[in-house]
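Structure assessment
Listed below, chain by chain, are the residues.
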Amino acid sequence: MIFGRTERGKAPVEPVTLKILVAGGFGVGKTTLVGAVSEIKPLRTEELLTEAGRPVDDTSGVEGKHTTTVAMDFGRITLREDLVLYLFGTPGQDRFWFLWDELATGALGAVVLADTRRLEDCFAAVDYFERRSIPFVVGVNCFEGASRYPAEDVRQALDLGSGVPVVLCDARGRDSVKEVLIEVVQHAMAYAADRRHTLTT
């Protein structure tokens, strides 16, 4: 790069940065998802689960989980030269929901991560984004040993509108997570365009 220009004579691209939330119930894979796709070392605010939290932290189905996010996870991924996503993983337990409003400020959209073994755990996240008109995609994290269901069955179980995308994914896989994030960006852009159209007609 010479005097702020690339050697080919093109000015460097100033990327658009977008904020995406990753939400869902306790132990659904939010921290794993952010870590799988982030091109920087993710910022994590995890603490060990304790005996004091056992009555309120339901670990059934995720018995191997020993830590929990208490503020947020943060990661970054460049989808294109001109498009960078900042990922903010929300804490899953009810007692940390006061942080959600702060994290949601300025968000383009969200991923609600779901586990079919504990589908009811993502109801609160779905309700949160619906009430605030924040576009979201439901990503069904396909855990090993969990029953697989078609996306439409999950849509009906969560009582989602036809416009909310439901995608199957593996929160451990970079390519799988990238597809979910691309779906969020596309859905949020279409959602914004529809709202603009509605306001001008």
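Before going into details, it helps to say that this report is about the structure given with it. (Residues numbered from 1 in each chain as written. Predicted model: local features only at pLDDT ≥ 70, side-chain atom pairs only at ≥ 80, totals over all residues. Heavy atoms only, no water.)

Describing the pattern of salt bridges
One pass over the structure, following the stated rule, counts nine salt bridges. Across the pair Arg 80 and Asp 82 runs a salt bridge whose closest N-O atoms are separated by 2.9 Å. By relative accessible area, Asp 82 is classed as partly exposed at 31%. Note that Arg 118 is salt-bridged to Asp 121, the shortest N-O span being 3.2 Å. With relative accessibility at 8%, the residue Arg 118 sits in the buried group. With a relative accessible area of 30%, Asp 121 lands in the partly exposed category. (Salt bridge = Lys/Arg side-chain N within 4 Å of Asp/Glu carboxyl O. Buried < 20%, exposed > 50% of the residue type's maximum accessible area, 1.4 Å probe, protein only.)

Let's talk about the nonpolar core
Residues Leu 21, Val 112, Phe 129, Phe 136, Val 138, Leu 158 and Leu 160 are the most contacted members of the largest nonpolar core, which totals 26 residues. Sorting the residues of this core by element identifies strand E1 (16-24), helix H2 (100-104), strand E5 (109-114), helix H3 (123-131), strand E6 (136-141) and helix H4 (151-158) as the ones contributing at least two each. Not counting the four nearest positions on each side in its chain, Phe 129 is found in contact with Leu 21, Ala 23, Ala 110, Val 112, Ile 134 and Phe 136. (Core = buried A, V, L, I, M, F, W, Y, C linked by side-chain atoms within 4.5 Å. Helix = DSSP H or I, 4+ residues; strand = E, 2+ residues; numbered from the N terminus. Contact = heavy atoms within 4.5 Å.)

Structural notes on the packing of aromatic side chains
Under the counting rule described, the total for this entry stands at six aromatic pairs. Both rings, one in Phe 74 and one in Tyr 86, keep their centres 5.8 Å apart while their planes meet at 45 degrees; by these two values the pair is tilted. A residue pair is termed long-range when its members are at least 10 positions apart, and Phe 74 in strand E3 (residues 67-80) and Tyr 86 in strand E4 (residues 83-89) qualify at 12 residues. With a centroid separation of 5.3 Å and 90 degrees between ring planes, the pair formed by Tyr 128 and Phe 129 is classed as edge-to-face. On the basis of relative accessibility, which here comes to 1%, the residue Phe 129 falls in the buried class. Cluster of aromatic residues (ring-pair linked, three or more members): Trp 100, Tyr 128, Phe 129 and Phe 136. Sitting over the ring of Phe 88, Lys 19 keeps its end group 4.8 Å from the ring centre. (Phe/Tyr/Trp six-rings, centres within 6.5 Å; stacked < 30°, edge-to-face > 60°. Lys NZ or Arg CZ within 6 Å of the ring centre and 35° of its normal.)

Just distances and angles here, no functional claims.
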